[in-house]
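Take a look at the letters that make up each chain.
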Amino acid sequence: TSSWKLKPHPVLPRGKPLLVCILDGWAEGIEDEFNAIHVAKTPTMDALKATAPERWRLLKAHGSAVGLPSDSDMGNSEVGHNALGAGKIYKQGAGLVDHALSSGKLFQSPSFAYVKEAFSASPNRTLHLIGLLSDGGVHSRFDHLVKLMHGCASHGAKRIRVHVLTDGRDVADGTSFQFVEALEKELAQLAKKGGCDARIASGGGRMNVTMDRYENDWRIVERGWRAHILGDAPHKFSSALEALKVLKEADPSKCNDQYYPPWVIVDKEGQPIGRVGDGDAVITFNFRADRMVMLSKALEYDKFTHFDRTRFPKIRFAGMTQYDTELKLPRHFLVTPPEIQGTSGEWLVRNGVRTFACSETVKFGHVTFYWNGNRSGKFDEKLETYKEIPTDLDIQFNEKPRMKADEIAAAASNAILSHKYDQVRINFPNGDMVGHTGDLKATILACEAVDQGIKVCLGAVDQAGGIFLITCDHGNAEDMVKRDPKTGKPVRDASGKLQPLTSHTLAPVPIAIGGPGLHPGVRFRNDLPAAGLANVAATIINLLGFEAPSDMEPTLIEVRPP
Ligand code: 3PG
Ligand code: CO
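A quick note: this is a predicted structure, and the numbers were derived from the prediction, not measured. (Residues numbered from 1 in each chain as written. Chains lettered and ligands numbered in written order. Predicted model: local features only at pLDDT ≥ 70, side-chain atom pairs only at ≥ 80, totals over all residues. Heavy atoms only, no water.)

Draft legend 1. The arrangement of the site of ligand 1 in detail. In the region of ligand 1, 17 residues are neighbours, and S77, H139, R169, D170 and R291 sit closest. Within the contact set of ligand 1, an oxygen atom lies 2.8 Å away from a side-chain nitrogen or oxygen of R169. R288 is positioned with one of its side-chain polar atoms (N or O) 2.8 Å from an oxygen atom of ligand 1. Considering ligand 1 on its own, with 300 Å² of exposed area, one finds that the protein chains cover 100% of that surface. Each residue belonging to the shell around ligand 1 can be placed in one class, and the counts come to one nonpolar, seven polar and nine charged. There are two domains that each give the shell around ligand 1 at least three residues, and those are domain 1 (19–92 + 339–559) and domain 2 (93–335). (Near = heavy atom within 4 Å. Polar contact = N/O pair within 3.5 Å; in protein donor to acceptor, adjacent residues only side chain to side chain. Areas by Shrake-Rupley, 256 points an atom, 1.4 Å probe, with all protein chains shown as cover. Nonpolar A, V, L, I, M, F, W, Y, C, P; charged D, E, K, R; others polar. Domains from an automatic or database assignment.)

Okay, here's the thing in structure tokens:
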């Protein structure tokens, strides 16, 4: 961009502190007893809804509105916060990988040549594929893994080891069995067709093994390292299906897909079949960044102090994509990530706007890293303050559904009342993090905690004469049960039991604006019925007193004579 100077807004002034509050996993859904938000006491959000249509409306938060391949793709925090912060809709990871695979470009990339040199070098060299075994389309997709394996085999891979993290979070709990069966079939095909020795070598539940994010708990990555790389885990089995079955039977309450302990597959002599050795190739097949950054550091960095790797094999490693473009991590990647430029964060900093951003660890990167277009640093140390509130470790999210809502609300209020910031941006994780457990009762409490947190923040906005913009990144808590897509009625399994819904949804999300500092003539336009999350950035820029850059999706607001 040649000039970063924003024009002043013709009517809206600068200098009113603006609270930007994201409720993670909170949307409008069917209002019945499985809608945790509906059941919860949420007087603050209810009062905001009563200001519709002038100051409350719904936004699209799924599918093509956030750059996903199809409108049957549910929203997620990565694409949601990217769209919110950037004000533009970028084609996101899943679609980019689809294209790279179907066009064959992936196999022509220099990074593919780099790993291929390792796995095709000698019959003893192994190609390891590590990632989330799921078709959720949030972090990874099963069909990508299949196409990748077949492509690698046809490019000379003779020995493939797959290290699988089971999901149960973006897809229903218990589906790990189906995914492992389907994967075993593909692996058998590879052996039959291509004479490739292809097997599952290790695994574990994604929340317990490997896929931590934002450096919340390195022990999770360490467990993954030991299982995938060293072939060392407390549980050893002769097949992946046996692992899932035996572990679940031994401890049905703890062993769900998300939280399986680490396990390795061993041969008849009890030796692990898929240790990573010198000269091997490793590809991580997740396209989403947040939960691959930590593992990538362990795989790539010579200097590494977060845990003792015991052995650091000399490997050729490529990510499905580059997980952190600022850190250039990993150096080798198969698909170029979306290049998100000119985010609202950067525009505002370059126009002197001071920002405070805060959440607890599990969502901290959402309002910083993803908001800023997948950049881990700040644009300007002087103008930005990022506060991370540590997430409690060793406790499941449904055991303490309040999480750090009170601490986040207090930090935001202090920031607003300090008058040191023009924009105070926060994320309340509860609806999402507790919603993912599938525990309806706990999720109701989670939503109440969020509503109380908002109330505290709005008190500070009132006192400071400020403005608020409250919105959400995607649905989750508003639907806690699996439904028949046609009738919307809850479905029961063979034994007559309801199926908890742990995943996100396709539902639209609310946005509300207000506060004593808001010009009385401001209202939502009525000519943008299909608006989505990407329309929020221009809205924020207006509320901070500027005209938005012309390449952003249009603002949601207009100013009428009061
Ligand atoms: C996760 O990583 O926790 C889920 O797969 C997606 O949740 P998020 O998009 O809300 O982070
Ligand atoms: Co989520």
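After presenting the structure, the write-up continues.
Draft legend 2. Molecular detail of helix α5 (residues 110–119). Residues of α5 that are buried: S111, F112, V115, A118 and F119. Buried residues of α5, seen end-on, are gathered within an arc of 120° and therefore sit on one face of the element. α5 presents P110 and E117 as exposed residues on the side facing more than 90 degrees away from its buried surface. (Buried < 20%, exposed > 50% of the residue type's maximum accessible area, 1.4 Å probe, protein only. Helix = DSSP H or I, 4+ residues; strand = E, 2+ residues; numbered from the N terminus. Arc of directions from axis to C-beta.)

Draft legend 3. Up close: the environment of A409. Along the chain, the position of A409 falls in helix α14 (residues 405–417). Separated by 18 residues in sequence, A409 and N427 place their C-alpha atoms 9.6 Å apart. Beyond its immediate stretch of four places on either side in the chain, A409 contacts F428, G453, V456 and C457. (Contact = heavy atoms within 4.5 Å.)

By themselves these figures say nothing about function.
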